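Topology and contacts: notes
Listed below, chain by chain, are the residues.
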Amino acid sequence: MNSNDFRGNAGTQGGWHAYRPGMAVRVAIGFAGVALTIISANYVTQQIAQDARERVRQLLVQHEPLVRATESLAAAASLYERVVIDQSESAVRNPQEVERAVGRMQDAAADYATSARQFPGRTPSDFEGRLHEFERLGAELLRHKESRNARLRDYWTRFEELETSLNAPQNRAARFAGAVLASERLMELSRMLSSVRERVSAAASVATPRAAQRIIGAENAFRGYLQQHSPELARLHGQQWLADLAGRFAALVRARRAVFGAIEDFDERAALFRDHSAELSGVIVTQLVEPARRALADADRLAVRASEKADRQLIWASLAALLLLLAIAFFTVTSVTAPVRRLIDATRRLAAGAVRARVPRGGLRELDALAEAFNQMAENLQNAQNQVRAHQLELEIRVDERTRELNHLAYHDPLTNMPNRRQLFAHLEAAIGRAKAGGRVAVLFIDLDNFKTINDSMGHAFGDRVLQAVGERLHLNGVFSHSFSARLGGDEFTVVCEDLHGIADVEKLNISVLEEFQRSLSVQGRELRISVSVGASIYPDHADDPHALLRAADAALFRAKELGRNCFSLFAPELLEAASSRFRLEQSLRRAVERGEFELVYQPEVCFETLETHTVEALLRWKQPDGATIAPADFLDVAEQSGLISDISDWALRTAIAAASAWQSGPWPKARVAVNISSQQVLGGDFVERLQRLLREYDLPPHCLEIELTENVLQTGATTIAALHRLRELGVSIALDDFGTGYSSLTSLERLPLTRVKIDRSLIATIDGAGRSPAIVRSIIGLCRSLGLQVTAEGVERRSQLGFLLNDRGVHVQGYLVSRPIDVATVPTFLARAPLHMQELMSELPAPAYDIDPNTRRLRRLRIAPASSGAEAPKAPAEE
């Protein structure tokens, strides 16, 4: 059926469709019926629940006051019992609290009597009598408590009078030879009286037959001792005092008997009161509280039954509403499903591609409107399908263009538009395949020298323009017109050259690259001169696969940078082996840092004038797991290149400071340790602060630490100079190590805050020869002395070297002749034997051929003294 037929059918049926009720009207009628059913059921349920609530209210009005009254009476009786017991056991009387408890109990009894009138026969006939008896027994117990306390007070009054009489001052006229003995008898009587006090005090709270027997025993002992020594006591105080003392003691015994009688009477009354209280509480609980609670529980059961009945009525009302709802739902569903099925069928046909599918009109008004909308949508979809076909062709063209762009990006560098690493490997594999028939392929690694400086000074945007200019030169220059150029990343470029006949051609190509970059680059209107380093590898001479060739060229490039940059290097097998060795060493160093495989040894620096060890230099050693030891010269370069030198130097500094702190507080109060510091540590912005924290942590004075720096550290500029000045302000000494090698800048001696210069072992090694070294060393010593700097000679291994150095004052000596590096535990031992060892060395030296400085004649005397003389070394003058 087409759309025209459908519109005609709708026109003929439009008249009676306008008067058919819609879905909303039908649903409203159904829900109105449901609401009416629910209201009716709710009304019936409310009536039942209201009747049940009224019944429960009546029961609660009758029984709940009685329950409250019985529970209040039980609580009041318990409170009265607790107050009476507390008052009977307390030393302080509080009549108001007892009166309040009695009043509360009487009020509770009155309330109970009022509530119990509605339930005649529930109250026991003798309950009021028991309650009055309970109140009377409590009052009587309190009266006996007062009687007991009064007798106790009388007893202690008599006791104090007896004790005062016993301690009466001695009659001066009654002095005789046995007065001392009589005083001892009085002291014994006082001790016995104290024993009576202790036993009476202990038995006053808990009177037991055993306690009474102990008290009687103590009293009999006092009486017997008094009678036994009465003559002596009478001579001391007189017969009247003795008779008065005996009388007071007899009265005290009678008072004690009265007290214990009152205590026994009180205990009997207390037991009677507790028994009556327990009996009364049992009557209240069993004959008053429990029946009232049972009556209240019966009322609660009636309420539960009423509630259950209301629940049943509600269930029946809910079932009726559910049945009505099902009927309405069935009617509504049947009036909706037929038009919906027609709509679903048309939707399926439309989804299958039949864009001409239409839905016949009819049914509910809303569904009829939905069918009309569906037909309109189908017409729109048919129009849109035609438009989509037109746009699809245009989209396919754009996708093809984008695919070509992505393919280009996959094989080209986005910055320079040069081939990238992926295309390089593909080209190199193809070139190797072509060269297998004969010929050579060269791979050139080109790296821009100091490119980081350009980025830091001119910015990364300018650096990107420089890289683009380098790429353009590699692409457009005639030298590389028959070569393949690519950018690997960063400032590294690669050139692949084919059809080469020998190594000479590769060398010419490398020279051409260096000459090409001698010409300036034009970048954003600026003329920029840069240099490059080149590493080259050749197929098949050095490797036969792309990865190996690139690795070989990279190793050659690293060698070119080591040679000073702006040069080229051809690959040699030992370069790759060196690179592998460096990598293995770096990995081993990282593991060594984690495992703590480093240790420090200490080499002394001694002064032969004072025969003292002024400083020990901390020397780093790497102890392998197999026990072998590696010297710093074999791994420090790799540590600096990998950045591990900072961690190693920090560890060495902390360990040396800890050792110096232990020496200073123990065997070496003047301990002083020298530590070598790397340039990376000094250039760190917080080096001085970290050093201060370490000194505070180990409580080491700054003058006990000396920092040793090589000359390459001192060439790093203003940052280093500022840090060294801050160290000197703290009091830390600074030594220039290995002076005489490298630049040996005299300007550094003037500008930098140095305290010591250490002459390098390469000069000391030849000072006992005939060359220029003696004059150079003597000049260095004189220069440093004039500048106020201390001097240490390193590497002294022969007596002839020592003899030359002792011709000058104040030179500290360090080397194997004095001591090899020793561990931290051996340093105290060396300090103990060092003076004798230095004296022996000087005594074995030949006498100088000329007279030296008069201030150092002591050294000459030591040197010419025979070693076997055993004489003590003379003490240094005070000014030294």
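Let us look at the structure shown here. (Residues numbered from 1 in each chain as written. Predicted model: local features only at pLDDT ≥ 70, side-chain atom pairs only at ≥ 80, totals over all residues. Heavy atoms only, no water.)

**Points about a nonpolar patch on the surface**
Quick note on the threshold: Only residues whose relative accessible area exceeds 30% and that form no salt bridge are eligible for patches; like-charged ones are grouped when within 9 Å, while nonpolar side chains (Val, Leu, Ile, Met, Phe, Trp, Tyr) are grouped when within 5 Å. With residues, only the protein chains shown are counted as cover, and all accessible areas are computed by Shrake-Rupley using a 1.4 Å probe. Salt bridges are defined as contacts in which a side-chain nitrogen from Lys or Arg sits within 4 Å of a carboxyl oxygen from Asp or Glu. Starting at the N terminus, helices and strands are each numbered in turn, a helix being any DSSP run of H or I of at least four residues and a strand any DSSP run of E of at least two.
There is a patch of nonpolar side chains on the surface, built from Ile315, Trp316, Leu319, Leu322, Leu323 and Leu326 and spanning about 670 Å² of accessible area. Topologically, isoleucine 315 is positioned in helix H8 (residues 239-351).

**Details of the environment of histidine 412**
Where we set the bar: Contacts were defined at the residue level, with two residues in contact if any of their heavy atoms lie within 4.5 Å.
Its location among the elements puts histidine 412 in the loop between helix H9 (365-410) and helix H10 (421-435). Those residues within four positions of histidine 412 in sequence are excluded, and the remaining contacts are Asn417, Met418, Pro419, Asn420 and Gln423.

**Examining the pattern of salt bridges**
Stated formally: Summary of the burial criterion: residues with accessible area below 20% of their type's maximum are buried, those above 50% are exposed, and those between are partly exposed, where the area comes from a 1.4 Å probe applied to protein chains only.
For the coordinates displayed, the defined rule picks out 26 salt bridges. Among the ionic pairs, arginine 197 bridges to glutamate 163, the shortest N-O distance being 2.6 Å. In this pair, arginine 197 is assigned in helix H5 (residues 179-205) and glutamate 163 in helix H4 (residues 127-166), connecting sequence segments 34 residues apart. Residue glutamate 163 is classed as partly exposed on the basis of its relative accessible area of 24%. Across the salt bridge formed by lysine 758 and glutamate 605, the nearest N and O atoms sit 2.9 Å from each other. On the criterion of sequence distance, the pair formed by lysine 758 in strand S14 (residues 756-759) and glutamate 605 in strand S8 (residues 598-607) is long-range, its members being 153 residues apart. The exposure class assigned to lysine 758 is buried, which follows from its relative accessible area of 0%. Residue class for glutamate 605 comes out buried when judged on its relative accessible area of 0%.

**Considering unusual backbone geometry**
Here the residue pair tyrosine 539 and proline 540 is connected by a cis peptide bond, since its omega of 5° sits within 30 degrees of zero. In this fold, proline 540 is placed in the loop between strand S6 (532-539) and helix H14 (546-562). Notably, asparagine 450 is not glycine yet its phi reads approximately 55°, a positive angle. Position of asparagine 450 among the secondary structure elements: in the loop between strand S1 (440-448) and helix H11 (451-458). Assessed through its relative accessible area of 48%, asparagine 450 is described here as partly exposed. A positive phi angle, near 55°, is found at aspartate 699, a position not held by glycine. Here aspartate 699 shows up in the loop between helix H19 (687-697) and strand S12 (705-709). The exposed category is assigned to aspartate 699, whose relative accessible area is 64%.

**A word on the packing of aromatic side chains**
By convention here, two paired aromatic rings are described through the distance between centres and the angle between planes. Quick reminder of the rule: Side-chain rings of Phe, Tyr and Trp, where Trp is taken by its six-membered ring, are said to pair if the distance between their centres is within 6.5 Å; with planes under 30 degrees apart they count as stacked, over 60 as edge-to-face, and otherwise as tilted.
The final tally for this structure, using the stated rule, is eight aromatic pairs. When the centroid spacing of 5.6 Å and the interplanar angle of 70° are considered together, the rings of tryptophan 156 and phenylalanine 159 count as edge-to-face. Here tryptophan 156 pairs with phenylalanine 159, and both are found in helix H4, just three residues apart, close to one helical turn. For tryptophan 156, a relative accessible area of 22% translates into the label partly exposed. Take phenylalanine 159: its relative accessible area is 0%, and that puts it in the buried class. Residues phenylalanine 598 and tryptophan 622 carry aromatic rings whose centres are separated by 6.0 Å and whose planes lie at 40° to one another, so their mutual orientation is tilted. Taken as a pair, phenylalanine 598 in strand S8 and tryptophan 622 in strand S9 (residues 612-623) lie far apart in primary sequence, 24 residues in all.

**Here we look at the environment of alanine 659**
Structurally, the position occupied by alanine 659 is in helix H17 (residues 645-664). Exposure remark for alanine 659: the relative accessible area of 8% places this residue in the buried category. Aside from chain neighbours lying at most four places away, what touches alanine 659 is Tyr602 and Val824.

**Details of the pairing of S6**
Stated precisely, the cut-off is as follows: Any two strands are treated as partners once DSSP identifies two or more bridges connecting them. A clockwise path from the first strand over the helix to the second, with the strands pointing away from the viewer, defines a right-handed crossover.
Counting buried positions along S6 yields eight of eight residues, so the element is predominantly enclosed. Residues Val532, Val534, Ala536 and Ile538 line one face of S6 and the alternating positions Ser533, Gly535, Ser537 and Tyr539 line the opposite face, and both faces are buried. As judged from the three bridges shared by S6 and strand S7 (residues 568-570), these two strands associate in the parallel manner. Along S7, the bridge assignment pairs alanine 536 with leucine 570. Where the polypeptide runs from S6 across H14 and back to S7, its parallel neighbour, the crossover connection is left-handed.

**Things to note about helix H13 (residues 503-516)**
Applied cut-off: A helix's residues, less one, multiplied by 1.5 Å, set its expected span. Taken from the helix axis, the directions to the C-beta atoms give the arc we talk about.
An ideal rise of 1.5 Å per residue puts 20 Å on 14 residues; H13 measures up with 20 Å between its terminal C-alpha atoms. Every buried residue of H13 is accounted for by Val506, Leu509, Asn510, Val513, Leu514 and Glu516. The buried residues of H13 occupy one face: seen down the axis, they fall within an arc of 165°. Along H13, exposed side chains directed more than 90 degrees from the buried face belong to Lys508 and Glu515. Each element contacted by the buried residues of H13 is listed here: S1, helix H12 (460-476), strand S3 (492-500), S6 and S7.

**Digging into the sheet that holds S6**
Keep this limit in mind: To get an axis, a line is fitted to the C-alpha atoms, and for a helix only the part in contact is used. The angle between two axes follows their N-to-C directions and goes from 0 to 180 degrees.
Read from one edge of the open sheet, five strands run S2-S3-S1-S6-S7, paired in mixed fashion. Strands at the two margins of the open sheet, each flanked by one partner only, are strand S2 (484-489) and S7. For this sheet, the mean angle separating the axes of adjacent strands, direction not counted, is 20°. Direction of pairing for S1 relative to S3: antiparallel, over a ladder of seven bridges. By the bridge assignment, isoleucine 446 is partnered in S3 with phenylalanine 493. Lying on the sheet, H14 is in contact with S1, S3, S6 and S7; it crosses S6 at an angle near 145°.

**Considerations on the packing of H10 against H14**
The following threshold applies: The cut-offs work like this: below 35 degrees is roughly parallel, past 145 is roughly antiparallel, 65 to 115 is roughly perpendicular, and the gaps in between are oblique. Any residue that is not Ala, Val, Leu, Ile, Met, Phe, Trp, Tyr, Cys, Pro, Asp, Glu, Lys or Arg is counted as polar, Gly included; the first ten are nonpolar and the last four charged.
Across the interface, H10 lies against H14 with an axial gap of 9 Å and an inter-helix angle of 105°. By the criterion of interaxial angle, the relationship of H10 to H14 is roughly perpendicular. Contacts between H10 and H14 pair Leu424, Phe425, Leu428, Glu429 and Ile432 from the former with Pro546, His547, Leu549 and Leu550 from the latter. Grouping the constituent residues of the contact of H10 with H14 by class yields seven nonpolar, one polar and one charged.

**Observations regarding the nonpolar core**
Nonpolar side chains in soluble globular proteins tend to be buried together. The line we're drawing: In this description, a nonpolar core means a group of buried Ala, Val, Leu, Ile, Met, Phe, Trp, Tyr and Cys residues linked to one another through side-chain atoms lying within 4.5 Å.
Judged by nonpolar contacts, the single largest core of 84 residues is most densely connected at Phe608 and Leu805. At nine residues, H17 tops the list of elements feeding residues into this core. Discounting chain neighbours no more than four positions away, the residues touching leucine 805 are Ile764, Ile767, Val777, Ile781, Ala793, Val796, Val811 and Val813.

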